[in-house]
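# Geometric and topological summary
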Amino acid sequence: MTEREVPSVDGLVIGILGGTGDQGRGLAFRFARAGHPVIIGSRTAERAQGIAEQVGHQVQGMANRETAAAADVVIAAVPFDGHRDLLASLAPELAGKIVVDCVNPLGFDQRGAYQLPVPEGSAAEQAAALLPESRVVAAFHHISAVLLLDPEVDSIDLDVMVLGDDREATDQVQALAARIPGVRGVYAGRLRNCGQVEALTANLVSINRRYKAHAGIRITDI
Ligand SMILES: NC(=O)c1ccc[n+]([C@@H]2O[C@H](COP(=O)([O-])OP(=O)(O)OC[C@H]3O[C@@H](n4cnc5c(N)ncnc54)[C@H](OP(=O)(O)O)[C@@H]3O)[C@@H](O)[C@H]2O)c1
């Protein structure tokens, strides 16, 4: 592969931990519609199966552990307060795999969303610390679940910032992001720079509230 060639991600099995939530279901729908085998994971296999049936497109549902074991690429789409324990418990199943973290450590109060402190620097760095045998990539922080889930929305107008320390893994996740029509995956640095990408979601939440929108971002001049 030359430096700028886009890797093929055709046929990669995508597993989504916490895939029963809005973000996981939305990503499941989009990747399945793009032709990927998708597995929705849950703490409860039956719940995962029920949600998978609702999503359709041959999406399967399994417990999180089976999802992690069966998928080629695993997306962590759980709330930040469940992130540490879930990933720590799945380290053996996730070894050697690309783990995509889209978790935004945010708190909400009457003034809106705000960044929560993370001892490791960011949720993605926490994942990397917990999963030393995995290839952790951070992506999909700013893509709205509402848009992902809306079957009437054919194209989503935004760039997905993709961060990681493994160039081949970030290339693959950029290519995966581009499977969603309208989306471009843009390399945005190493995991140590993920804190501000996660925190930027708090600004997008504020924008969405003020303008009644589902705002995303575009990077210019590339
Ligand atoms: N919603 C968005 O628009 C959006 C956009 C970008 C990024 N994100 C990020 O994506 C992640 C998921 O967002 P969401 O809105 O889909 O969240 P959510 O609906 O609150 O949670 C997703 C799933 O996580 C599982 N879960 C909940 N608490 C858990 C715990 N303590 N331990 C393990 N699993 C737990 C649940 O599945 P089971 O009960 O079936 O196990 C739940 O359905 C968040 O970190 C969020 O910051 C969300």
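Here goes a summary of the coordinates provided. Throughout this description, residue numbers start from 1 for each chain and increase along the sequence as written. Note on the predicted model: pLDDT of at least 70 is required for a residue's local features to be given, and 80 or more for side-chain atom pairs to be given and counted; whole-chain, interface and lining totals, by contrast, use all residues. Excluding hydrogens and water, the side-chain figures rest on all heavy atoms present in the structure.

## Thoughts on the packing of aromatic side chains
Where we set the bar: Each Phe, Tyr or Trp ring (for Trp, its six-membered ring) is paired with any other whose centre lies within 6.5 Å, and the angle between the two planes then decides the class: stacked below 30 degrees, edge-to-face above 60, tilted in between. Strands are runs of DSSP state E lasting at least two residues, helices are runs of H or I lasting at least four, and both sets are numbered from the N terminus onward. Residue exposure (1.4 Å probe, protein chains only): buried if accessible area is under 20% of the type maximum, exposed if over 50%, otherwise partly exposed.
A full pass over the atoms with the stated rule returns one aromatic pair. Plain terms: the ring middles of F31 and F140 are 5.9 Å apart, the flat faces sit at 75° to each other, and that makes the pair edge-to-face. Linking F31 in helix α1 (residues 22–33) with F140 in the loop between β8 (135–138) and α7 (145–149), this pair joins segments that are 109 residues apart in sequence. Of the two residues, F31 and F140, neither departs from the other in class, the shared state being buried.

## Some thoughts on the pattern of salt bridges
Spelled out, the test is: The working definition used for a salt bridge is a side-chain nitrogen of Lys or Arg within 4 Å of a carboxyl oxygen of Asp or Glu.
According to the stated counting rule, one finds 12 salt bridges in the structure shown. R33 serves as the salt-bridge partner of D154, at 3.9 Å between the closest nitrogen and oxygen. Of this pair, D154 sits in the loop between α7 and β9 (158–164) while R33 sits in helix α1, placing them 121 residues apart in sequence. Because the salt bridges share partners, they merge into one network encompassing D157, D159, R184 and R218.

## Looking at the pairing of strand β4 (residues 73–76)
Test applied: In this description, strands pair whenever DSSP reports at least two bridges between them.
Neither face of β4 is left uncovered, since the one carrying V73 and I75 and the one carrying V74 and A76 both have all their residues buried. As judged from the four bridges shared by strand β1 (residues 14–17) and β4, these two strands associate in the parallel manner. Considered in β4, the bridge of I14 is made with V73.

## Details of the sheet that holds β9
Operational definition: Here an angle of 0 to 180 degrees is reported between the N-to-C directions of two axes, which are lines fitted to C-alpha atoms, with helices fitted over the stretch in contact.
Pairing within the open sheet is mixed, and its eight strands lie in the order β3-β2-β1-β4-β5-β8-β9-β10. The strands lining the two open edges of the sheet, one partner per strand, are β3 (60–63) and β10 (183–187). Going across the sheet, the axis of each strand differs from the next one's by a mean of 25°, ignoring polarity. Bridge count for β9 against β10 is five bridges, and the pairing is parallel. Looking across to β10, one finds that M161 is bridged to V186.

## What to know about the side chain of K97
Where we set the bar: For the charge count, each Lys or Arg is scored as positive and each Asp or Glu as negative, with His and the chain ends excluded. Here, two residues are considered to be in contact whenever any of their heavy atoms come within 4.5 Å of each other.
In this structure, K97 sits in the loop between α5 (91–94) and β5 (98–101). Put simply, K97 is tucked away with no salt bridge, and the nearest opposite charge, on D72, sits 6.3 Å away. For K97, the contacting residues outside a window of four places in its chain are A68, A69, A70, A71, D72, V74, S134 and R135.

## Some words on the nonpolar core
Where we set the bar: Put simply, buried Ala, Val, Leu, Ile, Met, Phe, Trp, Tyr and Cys residues joined by side-chain atoms within 4.5 Å make one nonpolar core.
With 40 residues, the main nonpolar core has F31, F140, I156 and I180 as its most contacted residues. Contacts of F31, omitting those with residues within four sequence positions, involve I14, H36, V38, I75, F140, L176, R179 and I180. In this structure, L17, V99, L131 and V136 belong to the second largest nonpolar core, which totals 26 residues.

## Quick word on the side chain of Q172
Checked against the element boundaries, Q172 lands in helix α8 (residues 167–177). Ignoring any residue separated from it by four or fewer positions in sequence, one finds Q172 in contact with P7, V9, L12 and I98.

Purely spatial values, then, with no claim about function.
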